[in-house]
Structure formats: structure tokens, C-alpha cells
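Here is how the chains run, residue by residue.
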Amino acid sequence: MNILVLGSGGREHAITWALAKSPRTESLYVAPGNGGTEGIALANGGASENVKVDQMDAQAVLDFVKEREIDLVVIGPEAPLVAGVADVLRDAGVLVYGPNAAEAQLEGSKAYAKRFMDRNNIPTAAYADFTEEAPAIAYVEEQGAPIVIKADGLAAGKGVVVAETLEDAKDAVHACFDGAFGEAGSSVVIEECMRGPECSMLSFVTGSKSFPMAPSQDHKRAYDGDTGPNTGGMGVYSPVPIVTDDEMATMVEIMDRAAAAIPDYKGTLYGGFMLTPAGPKIVEFNVRFGDPETQVVLPRLDTDLVDVMEAVAKGDADAIDLDWLDSWAVCVVLASDGYPGDYEKGKIIRGVEDAEALEGVTVFHAGTTHNTEGELVTSGGRVLNVVALGDTFEAARDKAYEACDLIEFDGKQLRHDIGLKALLGRDSWK
Ligand code: AMP
Ligand code: GLY
């Protein structure tokens, strides 16, 4: 198969790496890719290639697909999905992994997602949605704090404020209607504040069926002890030792119910759960693989990803049968100094090969590129995802940190406590 992956993050490197392992992959392109997605060896002796195709330009993607006789397009990020790139490709007869724009509204509009959950009896935080400031403020005053304020549309993960005081809540409502998130904030969802550990369940969804992947747990805050600003994710592990069998069964059942309600959906559905005292509830749906969740989930998949993605894209649920390695995976993100705020780029990165020489270690790139001298340099906030597999959670965690020590670049920033709460047990969540 000739395959094109759209995207440039650690998620897309992990997807590309998994597709490259398949004996069925004849050629593999990534648009635009990163410093790690270029040159991954294929079983036939070839290698993956980065290509300069704008992932938001459906016609440009379609032209490339025709030129290189691409058999399958895998869309990584939410923006092209919400913009309808999958629709244009499907209309032209191309096999696509990733939902159409209509179903991508599950991530593209929080109000749409909430109504979907109501209709399908999916547990989630109580809410109300508003298109004007005055009634929104009145609702906040009536409900009291803590309360959660969300810009309705895509805001690159920045449109959510968990307000601990009424004052912060009102400020957040005002900021949305004042244009802080552009069009995304012209409609606002206000939610009950839920408490509990968060847990992600990604699922292959096709033909109204859900095929869940192992659960994983992200670390969103920038600094140790879950302090500092929210980020795209500073580390993750899978599976999640604190999840009970009952919680797992409920999450699987919720994903089944969601899949049954979206018969045309062909891609990954990501359930972001909160494990509340009243059971798992959905915080959000995403219509794509998680980043960095994918970096710990796909290395444990023991089934050919090309077979799985082809079956999903064709709507052939009967052809899907997933096997998983009986191991633990821990990922620590190495970021640029200053991230998620401003940071410098172009710092030379050393030691990735040494880290990958350790048994069970894979380094997925995110913000990396090669400079004109051919050196690997930083080009983004989240730079590398250092992933280790191990027979135990502790072994995987120790190995990931050993690998992190071998990698150097100016301003390297990381959390030292990825997975620590999980090791300490459920009580470490307040
Ligand atoms: P979202 O973009 O909807 O995933 O929200 C980002 C983060 O905000 C989530 O991962 C949670 O940590 C937090 N959050 C969102 N909604 C709620 C809620 N209703 N209660 C508590 N925390 C929330
Ligand atoms: N790790 C959170 C996300 O992918 O949305």
C-alpha cells in the first residue's frame, strides 16, 4: 500500500513508525512531518519521506494522492478533519482514516458534543450553553464556583477555564465573548466541575462498532506536582493501573454507545474520561488519536496497523481483531525552556541514538527539524517523546528516565514525576 499521513507531531511520528513496520507498506509519506518522520526504514528496503503538502488544502492533498497513487490517507490532527479534508478525499474515491466534517463536530463544537451525549445517554458534566454574555453570567452566578467555562469551538486546547472562584468564572465568560478565542468563543458552554483522575480511552470506530485501545493517562500541567500552566501533555503512560475493572467496563460501554450512534464514522474516537465518585464520565470527545497518548498506545499494539486502518477506512468492522503486548509503556516529553509560553528554537539535539540504543526505548519526535548542516535541532515547544516499554510499570518508568538523561539540548525541560501518582495509588488524587 502507498500511504500518506497528514500531521507533524509526536502522534504522527508514532503512527508513521507503526505503519512502517507493516510488510504491506510499499511507500509512506508524511505531510509535513518532522525531523523523525523522514527516513524510517520500510520492510521493502525503502524509507518514509516528508513532503511539503498543506494538510489543510484538500485539493493539494488530492493532487498528491493522484500523483503518487496513494491507497490510504491517514489524517492525524483535528483541524483538517473539522475543515472537511476527509470529505473531499472520500468524495473523490480515496480511502481515508479519519471522520468526515459532520462527525468531527464532536470535537469541533463542545455544544454539539454535549447535545450528542444527552441524546445518547452518555454520562457527562451537567451544562448549559450560551451565545450571549448576560444570560451566561446570570447562570454562573446562580450555579456558583467551582465551575468550568469553555469556548465552544476549536481553541488549540486553550479554551477551557476551570474557575475556582465566581470572579474567575465571570472573567472567563467575559473573555470568551470579548473575542479571546476568536470565533471559537462566540458560543460558550458552562459545565459543572467534576473531580477525579482523568483517563483517556482511544478507540478504533467503524461500522457502528468500537474497538478500544488500552487506556492511558496524560499529564497536562507543565511542572512537577501538577502545577503550572496547561500544556499539550508532558507525559503519559499505558495501561492505567488505578482504573478498576468496573470503571474499565463502563468506559468500554460508553464508547460502544457512542460508536453505535455514529454509523458513518471511520477513524479514532478519543474518549476523555474523568473517573468521578459517581463513575466514569466524559469530559470531551476528540475525533483523532491523542497526543501524547498515541505514543504509548501504538507501541503496545501487536496487530498490523495497516490492516486495522484499512478495515476502519473501509467500514469493515468484521476484519478487526486487536492484539496487545503484555507490557507497560511510559512516555516522558522533553520540551523547550519556556513552553507552553515563548521559547527559542534551533537548539542542537544530541543523544537520541544513545537513548534508542537502550532496550525497549523509542524516541518519537515532535518539534524537531534538520538545519542546513543536517543537524537535528529543536523547532517547537514539545520537542521529543521518550517512550520506554517494560515488564512492569516501574521498569518502564525507570527506563524512560534513563533514556531522557542521555538526550541533551539547550533549555531541555521535563517533568520528573510522570506516573508517580499512579505508582502511589488512587489516594494520591485529591
Ligand atoms: P477539554 O478541552 O474539554 O478536554 O478540557 C481541558 C481540561 O479541562 C480537561 O482535561 C480537564 O482537566 C478540565 N476540564 C474540562 N471540563 C471539566 C469539567 N467539567 N470538570 C472538571 N474539569 C474539567
Ligand atoms: N492529550 C490530549 C489530546 O490529545 O487532546
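Structure shown above.
An account of the accompanying structure is given in this report. Fair warning: this is a prediction, and the values are worked out from it, not measured in the lab.

## Focus on the site of ligand 2
What surrounds ligand 2 is the set Asp 218, Lys 220, Gly 232, Tyr 270, Asn 286, Arg 288, Gly 290, Asp 291, Pro 292 and Glu 293. Between a nitrogen atom of ligand 2 and a side-chain N or O atom of Asp 218, the distance comes to 2.9 Å. In this structure, Asp 291 approaches ligand 2 through a main-chain N or O atom, which is 3.0 Å from an oxygen atom. In the complex, the protein chains occlude 88% of the 190 Å² of accessible area that ligand 2 would expose alone. Taken together, the residues that form the shell around ligand 2 break down as two nonpolar, three polar and five charged.

## With respect to the side chain of Gln 217
Relative to the elements of secondary structure, Gln 217 occurs in strand E12 (residues 217-218). For Gln 217, the contacting residues outside a window of four places in its chain are Pro 197, Glu 198, Gly 235, Val 236, Tyr 237, Val 240, Ile 242 and Trp 429.

## Considering the site of ligand 1
As a structural note, the neighbourhood of ligand 1 is formed by 15 residues, with Glu 191, Glu 192, Met 194, Glu 198 and Glu 284 the closest of them. Contacts to ligand 1 include Lys 110, whose side-chain N or O atom sits 3.4 Å from an oxygen atom. Glu 192 places a polar main-chain atom, nitrogen or oxygen, 2.9 Å from a nitrogen atom of ligand 1. Here ligand 1, which alone exposes 470 Å², has 90% of that area covered by the protein. Of all the secondary structure elements, the ones that give two or more residues to the shell around ligand 1 are strand E7 (147-151), strand E8 (160-163), strand E9 (188-192) and strand E17 (279-286). Residues that form the shell around ligand 1 fall into these classes: eight nonpolar, no polar and seven charged.

## Focus: the packing of helix H5 (residues 101-108) against helix H6 (residues 110-119)
In contact at an axis separation of 6 Å, H5 and H6 are set at 100 degrees when each is read in the N-to-C sense. The pairing of H5 with H6 is recorded here as roughly perpendicular in orientation. Residues Ala 102, Gln 105, Leu 106 and Gly 108 of H5 form the contact with H6, whose participating residues are Lys 110, Tyr 112, Ala 113 and Phe 116. Across the contact of H5 with H6, the residue classes tally to five nonpolar, two polar and one charged.

Analysis parameters
Residues numbered from 1 in each chain as written. Chains lettered and ligands numbered in written order. Predicted model: local features only at pLDDT ≥ 70, side-chain atom pairs only at ≥ 80, totals over all residues. Heavy atoms only, no water. Near = heavy atom within 4 Å. Polar contact = N/O pair within 3.5 Å; in protein donor to acceptor, adjacent residues only side chain to side chain. Areas by Shrake-Rupley, 256 points an atom, 1.4 Å probe, with all protein chains shown as cover. Nonpolar A, V, L, I, M, F, W, Y, C, P; charged D, E, K, R; others polar. Helix = DSSP H or I, 4+ residues; strand = E, 2+ residues; numbered from the N terminus. Contact = heavy atoms within 4.5 Å. Axes fitted to C-alpha atoms, helices over the stretch in contact; angles between N-to-C directions. Parallel < 35°, antiparallel > 145°, perpendicular 65-115°, else oblique.

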